[in-house]
Amino acid sequence: MSVPALEVIELSKTYFGAAEPVEAVKGATFSAAAGEFLAIVGPSGSGKTTLLAMIGGLLSPMSGTVRVDGVAIDRLDARKLAAFRRRRVGFVFQSNNLIPYLTARENLLLMADIGGVDRKTARVRADRLLDELGLAHRANALATELSGGERQRVAIARALMNDPALILVDEPTAALDSARGRQVVESLKAEIKSRNKLGIMVTHDLAMAALTDRILEMHDGVLRELSPTASME
Amino acid sequence: MLGLLELRRRRLQFTLIGLIVTLISYLVAMINGLGLGLNELAGSALRNFDADAIAYAETSGLSVIRSELSQDTIDAILSTPGVREGAPLGYVAANVRYPDGTIDNAAFLGFDPGTIAEPRVVEGRSLEPGERGVMLADRAFLRASGYRLGDTVPVALRLQTREFRIVGVVEEGYFFFQPAVYISRSDWRELRYGQADDAPVASIVLLKGKGLPGTRAPGFEIVDKGTAFANIEGVAGQQSTVSALRAFGYLIGALVVGVFFYVLTLQKVPHIGVLKALGASNSYVFRQLLAQVLTVSVLGLAVALPLALATGRAIQRLPNPVPIAFDTRTVATTAVLLLVASLVGAAFSLRRILGTDPIIALGQQQ
């Protein structure tokens, strides 16, 4: 039996602030295979972004394990976690987080530079991705000159630059209208499927979640499988 | 990649920082130039002596003014083990009447032609052995006085006036903050002591040889040229002031550059968080900052140092020039130290980079 691309086992996280401790994630458990596109839905403060951050190696869990291709990332030190994110994870952030003074192509080349990909390969890869996402004509536009939808599609292309196994997406449509949001998520899904990646998207928008293969719901830190998305469409 | 691209794209911001670096570098270079200029005024002629060491009278406290040597002491100095070559030299400050009637003083150095005390003549000729009433004048003396090669210079000392004809020009600079002129040792002795037979025959002895500095014997002591220079009256205090100015220049340079790049780093914390979330290592992020610091500093120095050299040249053309000088060593040292100061300043930002949590990329608090 093949190892799942991602295994999340009894994952918990508690924040200790000035007030009483907050259990953001309580024993989340699920697994997913390459080629799947999952949505994690839930209201604000339900713990879905915290769960995403732990899967992506940005936060350390209090307990539990995250395994990516069989490797427990919660046991890696900061340097190895950075290398894990560099090679195995592609992030698409809520506010896209493109570097504003770089062009669309340079934002992609930056990712390759961080990943140690040689320049020639990186240029070919960046141009292909921009072309696939319908952004070839905007390659030399600064990030600040792009529309919201274009910025998110550049962020998707950036996430794919280093050919990661895992694409983690945080509220990609929060700043977009529904038509543009749908376009972005469909582009994302197409890329994940065509490249056989595992995609996990955090969203509070059930219409966007319905575009994925599976929906997991977070509520007060508790994760549960909602239903097959086919039934929602 | 990122650091240099940011430099190009945020040109105004980095130009302003570059301007600050340029001004600081210019200030430090000018302080160094003025310090070196003061040094030259203090005694470039002494530094230019063709000697490894200098012998003073034991009781002089290494003062050329107070050092007086008899022929017996000079013979003892020249027979010191390790001495390969030596030449006695006399010094006296005397008043000179300039062509326009003003009176100023000059350093009269008495030497024997054909010895290591003889300066290099760049125009005219040197003194013949036994020749009296002639002098070699430094260009600084000619510039200050208005005299030219071939002119006769009235020199006043000990209630009498003597005349010396300028037969050669040298470029040895200043001695004891006065332009240097060179006369025969016989003329020097007469100028300083009159006709007295038992008068000292020299002030100091220039020596060539190995292992001489540090030698003490009855009647004399030998030091290297650096020690001799530092013992010129007023030089030690002047040197410590100039050194303090230089040190503060470097310190302020490091602080200013450091603070600017630290503020820049603070502004970029969200981007640093994103870079780290994307997998950039701390060293990758720091390398981007270093590339920016080095580029801005090198460009700042590339503008500031030629500007300082040009300012120095312009100042020297003024009717009353301020002592300022630059040499390759000082310019290179200034450049290297300012670069190091910039890097030290940039290191302030390292802690902020190390402390940036990539989780901020997800909009969460650290």
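This report concerns the structure included in the present document. (Residues numbered from 1 in each chain as written. Chains lettered and ligands numbered in written order. Predicted model: local features only at pLDDT ≥ 70, side-chain atom pairs only at ≥ 80, totals over all residues. Heavy atoms only, no water.)

Some thoughts on the overall build of chain A
Our working rule: By definition, any uninterrupted DSSP run of H or I lasting at least four residues is a helix, any uninterrupted run of E lasting at least two residues is a strand, and each is numbered from the N terminus. Partly exposed residues are those whose accessible area sits between 20% and 50% of the maximum for their type, while under 20% is buried and over 50% is exposed, using a 1.4 Å probe and protein chains only. Pairs of residues are marked as contacts when any of their non-hydrogen atoms sit within 4.5 Å. In this description, accessible areas are obtained by the Shrake-Rupley approach with a 1.4 Å probe, and a residue is regarded as covered only by the protein chains that are shown. We score Asp and Glu as negative and Lys and Arg as positive, and we do not count His or the chain ends. Think of each charge as sitting on NZ of Lys, CZ of Arg, CG of Asp or CD of Glu.
A tally of regular secondary structure across chain A gives seven helices and ten strands. A total of 233 residues make up chain A; the buried ones form 55% of that total. In chain A, of all internal contacts separated by at least 6 residues, the share reaching a separation of at least 24 is 71%. Carbon and sulfur atoms make up 49% of the accessible area of chain A, which totals about 10000 Å². For chain A, the distance from the average position of its 29 positive side-chain charges to the average position of its 28 negative side-chain charges is 6 Å.

Let's talk about the overall build of chain B
Selection rule: The size measure is the radius of gyration over C-alpha atoms, and the globule rule it meets is 2.2 Å times the number of residues to the 0.38 power.
Looking only at helices and strands, chain B features ten helices and twelve strands. Computed over C-alpha atoms, the radius of gyration of chain B comes to 28 Å, more than 25% over the 21 Å expected from 2.2 N^0.38 for 366 residues, which places it beyond the range of a compact globule. Along the three orthogonal principal directions, the C-alpha set of chain B runs to about 95 × 50 × 30 Å. Across the 366 residues that make up chain B, the buried fraction comes to 50%. For chain B, the proportion of contacts with a sequence separation of at least 24, taken over those separated by at least 6, is 77%. Put simply, chain B shows about 16500 Å² of open surface, and 58% of that area lies on carbon and sulfur atoms. With 33 positive and 30 negative side-chain charges, chain B shows a separation of 16 Å between the mean positions of the two kinds.

Some remarks on the packing of aromatic side chains
Put simply, the rule is: Centres within 6.5 Å are what make two rings of Phe, Tyr or Trp a pair, Trp counting through its six-membered ring; a difference in plane orientation under 30 degrees is then read as stacked, over 60 as edge-to-face, and the rest as tilted. Whether a charge sits over a ring comes down to the Lys NZ or Arg CZ being within 6 Å of the ring centre and within 35 degrees of the ring normal.
For the coordinates displayed, the defined rule picks out ten aromatic pairs over all chains. A centroid spacing of 5.4 Å and a plane angle of 10° characterise the contact between Phe91(A) and Phe93(A), whose relative ring orientation is stacked. Its relative accessible area of 1% is what places Phe91(A) among the buried residues. Here Phe49(B) and Phe175(B) contribute two aromatic rings whose centre-to-centre distance is 6.1 Å and whose plane-to-plane angle is 50°, an arrangement assigned as tilted. Taken together, the residues span a long stretch of sequence, with Phe49(B) in the loop between helix H2 (11-47) and strand S1 (53-57) and Phe175(B) in strand S8 (residues 174-175) at a distance of 126 residues. Connected via pairs of aromatic rings, a cluster forms that spans Phe49(B), Tyr91(B), Phe175(B) and Phe176(B). Seen from the ring of Phe229(B), Arg47(B) lies directly overhead, with NZ or CZ sitting 3.9 Å from the centre.

Overview of the layout of surface pockets
Residue and element names in this part refer to chain B. Applicable threshold: Computed over the protein atoms alone on a 1 Å grid, cavities are sets of points where a 1.4 Å probe fits but cannot get out and pockets are open sets with protein on both sides within 12 Å along at least five of seven lines; a residue lines them when it has an atom within 4 Å of a point. Grid points are joined across faces, edges and corners, and a volume is the space filled by probe spheres set on the points. Only Asp, Glu, Lys and Arg are considered charged, only Ala, Val, Leu, Ile, Met, Phe, Trp, Tyr, Cys and Pro nonpolar, and every remaining residue, Gly among them, polar.
In this structure, the largest pocket occupies an estimated 750 Å³ of space. Contributing to the lining of the largest pocket are 30 residues, with Leu41, Ala140, Arg143, Tyr174 and Pro321 lying nearest its centre. Of all the secondary-structure elements, those providing two or more residues to the lining of the largest pocket are H2, strand S3 (103-111), helix H4 (139-145) and strand S9 (178-184). For the lining of the largest pocket, the class distribution of residues is 15 nonpolar, eight polar and seven charged.

Focus: the side chain of Asn162(A)
Residue and element names in this part refer to chain A. Convention followed: For this analysis, a polar contact is any N or O atom pair within 3.5 Å, provided that within protein one partner can donate a hydrogen and the other can accept it, and provided that sequence-adjacent residues contribute only side-chain to side-chain pairs.
As for its placement among the helices and strands, Asn162 is situated in the loop between helix H5 (148-160) and strand S7 (166-170). Here the side chain of Asn162 touches Met111 through a polar contact of 3.0 Å, landing on its backbone oxygen. Every residue in contact with Asn162, bar those within four places of it in the chain, is listed here: Arg86, Arg87, Met111, Ala112, Gly115, Val117 and Arg125.

Quick notes on the interface of chain A and chain B
For clarity, the cut-off: Summed over both partners, the accessible surface that disappears when two parts come together, traced with a 1.4 Å probe, is what is meant by buried area. What counts as a salt bridge is simple: a side-chain nitrogen of Lys or Arg found within 4 Å of a carboxyl oxygen of Asp or Glu.
Facing 26 residues of chain A, the contacting portion of chain B comprises 22 residues. Of the roughly 2300 Å² buried where chain A meets chain B, counting both sides, 68% is carbon and sulfur surface. Looking only at chain A, the three residues that lose the most surface to chain B are Leu58(A), Tyr101(A) and Ile114(A), adding up to 28% of its buried area. Applying the counting criterion to the chain A and chain B interface returns one salt bridge. Residue Glu106(A) is joined to Arg9(B) by a salt bridge in which the shortest nitrogen-to-oxygen separation is 2.5 Å. At the surface where chain A touches chain B, the tally comes to seven residue pairs in polar contact (both at pLDDT 80 or more). Those elements that provide at least two residues to the side of chain A that touches chain B are helix H1 (48-55), helix H2 (78-88) and helix H3 (104-115) of chain A. Per element, the largest residue contribution to the side of chain A that touches chain B is six residues, and it comes from H3(A). Per-class residue counts for the side of chain A that touches chain B are 16 nonpolar, four polar and six charged.

Points about the pairing of strand S7 (residues 160-170) of chain B
Consecutive side chains along a regular strand alternate between the two faces of the sheet. Residues and elements named next belong to chain B. Threshold: Strand pairing is defined by DSSP finding a minimum of two bridges between the two strands.
Across three bridges, the pairing between strand S4 (residues 121-124) and S7 is antiparallel. Bridging from a neighbouring strand, Val121 pairs with Val170 of S7. Across five bridges, strand S5 (residues 134-138) lies against S7 in parallel orientation. Looking at the pairing, Leu136 lines up with Gly168 of S7.

Regarding the pattern of salt bridges
All names here are of chain A. In this structure the tally under the stated criterion is 28 salt bridges over all chains. In this structure, Glu132 and Arg128 form a salt bridge, with 3.7 Å as the shortest nitrogen-oxygen distance. One end of the pair is Glu132 and the other is Arg128, both in helix H4 (residues 119-132) and four residues apart, which spans about a single turn. Glu132 gets classed as partly exposed once you look at its relative accessible area, which sits at 40%. Arg128 gets classed as partly exposed once you look at its relative accessible area, which sits at 40%.

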